[in-house]
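What the coordinates show
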Amino acid sequence: MVDITFMRDVIVKQRQFKSQEHWNRKLLAEHQQRMIHSLRGHANAHSPFYQQFHTGLSDAPLDQLPVLTKAQMMEQFDRLVTDRAVHLEDIKRYMENPERSRYFLGRYVINATSGSSGHPAVVLWSRGEWAATMAAAFARTPMPFSLFQKRKMAQIASTTAFHMSAQGGTSARNLLLPTLLLAATEPLESMVRRLNDWQPDVLIVYASMGRIMADEQVAGRLKIAPQTVMVSSEVLTAETRRRIEQAWGPRVFNNYATTEASGLAIECDQHRGMHVMEDLVLVENVDKENQPVPPGVFGDRLLVTPLYKRAQPLIRYVIEDRVRFSSEPCPCGRPFRLIDAIEGRAQEVLAFPKADGGEVRVHPLLFHTLLDLLPVSGWQVVQEADGLHILLARVHDALDGRQIESQVRQALAAQEAVVPPIQVQQVEAIPQTIAGKAPLVKSNLARASH
Ligand SMILES: [Zn+2]
């Protein structure tokens, strides 16, 4: 069903966001000040939670405000939202109702995280806010692509109805963009056949799936020629990028989004990193004490403040990702700063006991370095109670499992970890989360409280 008002809203906002790419830093800073002032005013006027949370801080600069965690956001859900008709219990009932309408209460889009990293977050967008989210995706995606120049899209994503990727795909289809939606859980041969039939101009995939599809293309089973390959949601390693470029040329654009704040950053055609959408969301890169870290240095987490999110304001919301800002401006001239590396999501950091007590935290990069160049279509490291399981999918050439095991053992020992039993297993496919993702590193141990 086509929603004309929504569509018009997306078109207007898309033009506006496009024009904002020509701002300088000064115009951008003024815009941010205005938006943050207005957002805080709205939150203080309409959210009982923020009235309390920010008591006595109404004149304090943003970086003096307390940070907001997912647990706080979910516990205080009904008090945090700015519409007193919205209740979390009703949203849960709505999500479980197979005959639900497109919009909750006739006016809200609901997204939810899959809960693979703890309790799911429920995120609420007014129709206007959701239009802005879609408009941002269209305006910032570097492709010859608009509502007027129709391009055929294919998206391989979550089948979970409330996952952001599924909601985005459905909205695109409602905006009359020809979109083939494939579930990441569909058998590979069937996906390849349907993509061959569809011949997309734009392919949107998770990084792990992009790598599998690139391998299919190189093997000659998949025969498509997308102009743009958008990769999102997972860490895009150098090897996965290389394989996608081998399959389709240098048309890979990395996209960094979170369910809570939607799009955060996206790569431009200079491929120097991902431009933070600073006119739409404030992103602070901070250390463990929530103090800012300079460009060129990895932070421990991000604090995000989506500037146009009013129904459920998120002010200094904690995203547990480790990213690095570039210290160089981009030659494309956009005023937005670049994120030039994402080291991993915090849940990808594994903790091991140390020989002399305490624990050592091992970054996913250690495993990327050791495993990413193997001739496999996918890999995953899973920490279980009985040790470390290294899964290798669809091995092309002969692999020496013992050699891999010993390399991982040495690398962990070099970090002073007590190395658990390591098992290398060859599998048909890497198991996916309910959202269709395949994180490179994960722990199935109960999370310690760090
Ligand atoms: Zn650029």
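This is a predicted model, so every value here is computed, not measured.

**Examining the packing of aromatic side chains**
Under the criterion given, the structure shown has five aromatic pairs. Three or more aromatic residues joined by ring pairs form one cluster here, namely Phe49, Tyr50 and Phe53. The side chain of arginine 127 reaches across the aromatic face of tyrosine 103, ending 4.3 Å from its centre. Here lysine 309 stacks its cationic end above the ring of tryptophan 125, 4.5 Å away from the centre of that ring.

**Description of the sheet that holds strand S19 (residues 422–427)**
What links the strands of a sheet is backbone hydrogen bonding, and the strands pair in either a parallel or an antiparallel sense. Across the sheet, which stays open at both edges, the four strands sit in the order S19-S18-S17-S20 with mixed pairing between neighbours. Across the chains shown, the open sheet's two edge strands, defined by having one partner strand only, are S19 and strand S20 (441–443). For this sheet, the mean angle separating the axes of adjacent strands, direction not counted, is 20 degrees. Where strand S17 (residues 378–384) lies against strand S18 (residues 387–393), seven bridges are found, and the strand directions are antiparallel. Paired with glutamine 380 across the two strands is leucine 391, which belongs to S18. In the packing of helix H12 (residues 364–371) onto the sheet, contacts are made with S17, S18 and S20, and the angle to S17 comes to roughly 140 degrees.

**Quick look at the sheet that holds strand S12 (residues 317–319)**
Pairing within the open sheet is antiparallel, and its three strands lie in the order S10-S11-S12. Each edge of the open sheet carries a strand with a single partner, namely strand S10 (281–286) and S12. Strand-to-strand, the axes of this sheet are offset by a mean angle of 30 degrees, without reference to chain direction. Where S10 and strand S11 (residues 301–306) come together, six bridges link them in antiparallel fashion. Directly across from asparagine 285, in S11, lies its bridge partner leucine 302.

**Topic: the coordination of the zinc ion**
Within the first shell, the zinc ion binds the protein through Cys268 (SG), His275 (NE2), Cys330 (SG) and Cys332 (SG), at distances of 2.1 to 2.3 Å. Donor residues for the zinc ion sit on one chain with the sequence pattern C-x6-H-x54-C-x1-C. Of this pair, cysteine 268 sits in the loop between strand S8 (262–267) and strand S9 (274–276) while cysteine 332 sits in the loop between strand S13 (321–325) and strand S14 (338–345), placing them 64 residues apart in sequence.

**Concerning helix H6 (residues 88–96)**
Buried within H6 are the following residues: Leu88, Ile91 and Tyr94. Each buried residue of H6 sits inside an arc of 115 degrees when the element is viewed along its axis, so together they form one side. Those residues of H6 that are exposed and aimed more than 90 degrees away from the buried face are Arg93 and Glu96. For H6, the elements touching its buried residues are helix H4 (70–75), helix H5 (77–80), strand S1 (108–112) and strand S2 (122–126).

**Concerning the side chain of lysine 13**
Structurally, the position occupied by lysine 13 is in helix H1 (residues 4–20). Judged by its relative accessible area of 18%, lysine 13 is buried. If near-sequence neighbours (up to four positions away) are discounted, lysine 13 is found in contact with Gly128, Ala131, Ala132 and Ala135.

**So, the pattern of salt bridges**
A pair can form between side chains of opposite charge whenever their charged atoms are brought close. Summed over all chains, the structure comprises 24 salt bridges. Taking the shortest distance from any N to any O, the salt bridge between aspartate 300 and lysine 288 comes out at 3.5 Å. In this pair, aspartate 300 is assigned in the loop between S10 and S11 and lysine 288 in the loop between S10 and S11, connecting sequence segments 12 residues apart. Between arginine 322 and aspartate 300 there is a salt bridge, with its nearest N and O atoms 3.1 Å apart. Here arginine 322, found in strand S13, pairs with aspartate 300, found in the loop between S10 and S11; they are 22 residues apart in sequence, far enough to count as distant. The partly exposed category is assigned to aspartate 300, whose relative accessible area is 21%. Salt bridges here are not isolated pairs; linked through shared partners, they connect Lys18, Glu21, Arg140, Asp279 and Arg334.

**What about the environment of tyrosine 103?**
By secondary structure assignment, the location of tyrosine 103 is in the loop between H6 and S1. When its relative accessible area of 12% is taken as the criterion, tyrosine 103 is described as buried. The sequence separation of tyrosine 103 and tryptophan 125 amounts to 22 residues, and the corresponding C-alpha distance is 9.7 Å. Aside from chain neighbours lying at most four places away, what touches tyrosine 103 is Asp3, Phe6, Tyr94, Tyr108, Val109 and Arg127.

**Comments concerning helix H10 (residues 207–218)**
For H10, with 12 residues, the first-to-last C-alpha span of 16 Å sits near the 16 Å given by 1.5 Å per residue. H10 sits mainly inside the fold: 10 of its 12 residues count as buried. If you check which residues of H10 are buried, you get Ala207, Ser208, Met209, Gly210, Arg211, Met213, Ala214, Asp215, Glu216 and Gln217. Lining the buried residues of H10 we find strand S3 (153–157), helix H9 (188–198), strand S5 (202–206), strand S6 (228–232), helix H11 (238–248) and S17.

Conventions we followed
- Residues numbered from 1 in each chain as written.
- Predicted model: local features only at pLDDT ≥ 70, side-chain atom pairs only at ≥ 80, totals over all residues.
- Heavy atoms only, no water.
- Phe/Tyr/Trp six-rings, centres within 6.5 Å; stacked < 30°, edge-to-face > 60°.
- Lys NZ or Arg CZ within 6 Å of the ring centre and 35° of its normal.
- Pairing = 2+ DSSP bridges.
- Helix = DSSP H or I, 4+ residues; strand = E, 2+ residues; numbered from the N terminus.
- Axes fitted to C-alpha atoms, helices over the stretch in contact; angles between N-to-C directions.
- Contact = heavy atoms within 4.5 Å.
- Donors = N, O, S within 2.8 Å, 3.2 Å for Na, K, Ca; no water.
- Buried < 20%, exposed > 50% of the residue type's maximum accessible area, 1.4 Å probe, protein only.
- Arc of directions from axis to C-beta.
- Salt bridge = Lys/Arg side-chain N within 4 Å of Asp/Glu carboxyl O.
- Expected span 1.5 Å × (residues − 1).

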